[in-house]
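Coordinate inspection notes
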Amino acid sequence: IDFDLVLENVKDLNTLAGEGLSEIKHTPQGARLRQPESLPLTLYQDGMVMGNGPFRPYEEPSTQQYLQDIMDGYFPSELQPRYPNGI
């Protein structure tokens, strides 16, 4: 796993998803600014944790696909149904 590439691509994907930008959320009283939802990703020597999820060893095929998507410059395909505009 090329961790430098993963970190670089995560930064690029965060920018594409609007990191640092506020969204307008309409309320009954008017509108408010809010930050887009984020999903923490913690990388360890032998696996990763996404959000509050379970530890995922790098040997698992789903973890390998997740990281391969990022290394290829794409949002992880497993997140696309839940976050179609990125996260």
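Rules of the game
Residues numbered from 1 in each chain as written. Predicted model: local features only at pLDDT ≥ 70, side-chain atom pairs only at ≥ 80, totals over all residues. Heavy atoms only, no water. UniProt positions renumbered as here; feature names shortened; annotations may be inferred. Helix = DSSP H or I, 4+ residues; strand = E, 2+ residues; numbered from the N terminus. Buried < 20%, exposed > 50% of the residue type's maximum accessible area, 1.4 Å probe, protein only. Contact = heavy atoms within 4.5 Å. Patch = residues over 30% accessible without salt bridge, like charges linked within 9 Å, V, L, I, M, F, W, Y side chains within 5 Å. Areas by Shrake-Rupley, 256 points an atom, 1.4 Å probe, with all protein chains shown as cover. Salt bridge = Lys/Arg side-chain N within 4 Å of Asp/Glu carboxyl O. Lys, Arg positive; Asp, Glu negative; His and termini not counted. Charge placed at Lys NZ, Arg CZ, Asp CG, Glu CD. Phe/Tyr/Trp six-rings, centres within 6.5 Å; stacked < 30°, edge-to-face > 60°. Lys NZ or Arg CZ within 6 Å of the ring centre and 35° of its normal. Expected span 1.5 Å × (residues − 1). Arc of directions from axis to C-beta. Polar contact = N/O pair within 3.5 Å; in protein donor to acceptor, adjacent residues only side chain to side chain.

The protein chain is annotated in an unreviewed UniProt entry as UBX domain-containing protein 11 from Nothocercus nigrocapillus. What UniProt states about the protein chain under its Function (unreviewed entry) heading is, verbatim, "May be involved in the reorganization of actin cytoskeleton mediated by RND1, RND2 and RND3. Promotes RHOA activation mediated by GNA12 and GNA13." Recorded in UniProt under Subunit (unreviewed entry), the annotation for the protein chain is "Interacts with GNA12, GNA13, RND1, RND2 and RND3."

**Observations concerning the environment of Val6**
Its location among the elements puts Val6 in helix α1 (residues 3–16). Classification of Val6 as buried rests on a relative accessible area of 1%. Sequence-wise, Val6 and Asn52 are 46 residues apart; in three dimensions their C-alpha atoms are separated by 20 Å. Val6 has contacts with Ile1, Leu43, Leu67, Ile70 and Met71, leaving out every residue within four places of it along the chain.

**Remarks on a negative patch on the surface**
Taken together, the side chains of Asp2, Asp4, Glu8 and Asp12 present a region of like negative charge at the surface. Considering the arrangement of structural elements, one finds Asp2 in the segment before α1. Under the relative-accessibility criterion, Asp2 is labelled partly exposed at 38%.

**Examining the packing of aromatic side chains**
Going through the model one piece at a time under the given rule, you end up with two aromatic pairs. Taking 6.1 Å as the distance between ring centres and 50° as the angle between the ring planes, the aromatic pair formed by Tyr44 and Phe55 counts as tilted. Residue Tyr44 is found in the loop between β3 (41–43) and β4 (47–50), and its partner Phe55 is found in strand β5 (residues 55–57); the two are separated by 11 residues along the sequence. By relative accessible area, Phe55 is classed as partly exposed at 38%. Positioned above the aromatic ring of Tyr66, the side-chain terminus of Arg56 is 5.4 Å from the ring centre.

**Description of the side chain of Thr63**
Secondary-structure assignment places Thr63 in helix α2 (residues 61–71). In contact with Thr63, other than residues within four places in its own chain, are Met48, Arg56, Pro57 and Tyr58.

**Details of α1**
Its 14 residues place the ends of α1 20 Å apart at the C-alpha level, agreeing with the 20 Å of an ideal helix rising 1.5 Å per residue. By the burial criterion, the buried members of α1 are Val6, Asn9 and Leu13. Summarising the axial view, the buried residues of α1 lie within an arc of 75°, below the 170-degree limit, and thus occupy one face. More than 90 degrees from the buried face of α1, the exposed residues found are Asp4, Lys11 and Thr15. Turning to α1, the residues buried within the fold contact β3 and α2. The residue sitting at the N-terminus of α1 and contributing the capping side-chain oxygen is Asp2; that oxygen lies 3.3 Å from the backbone nitrogen of Asp4.

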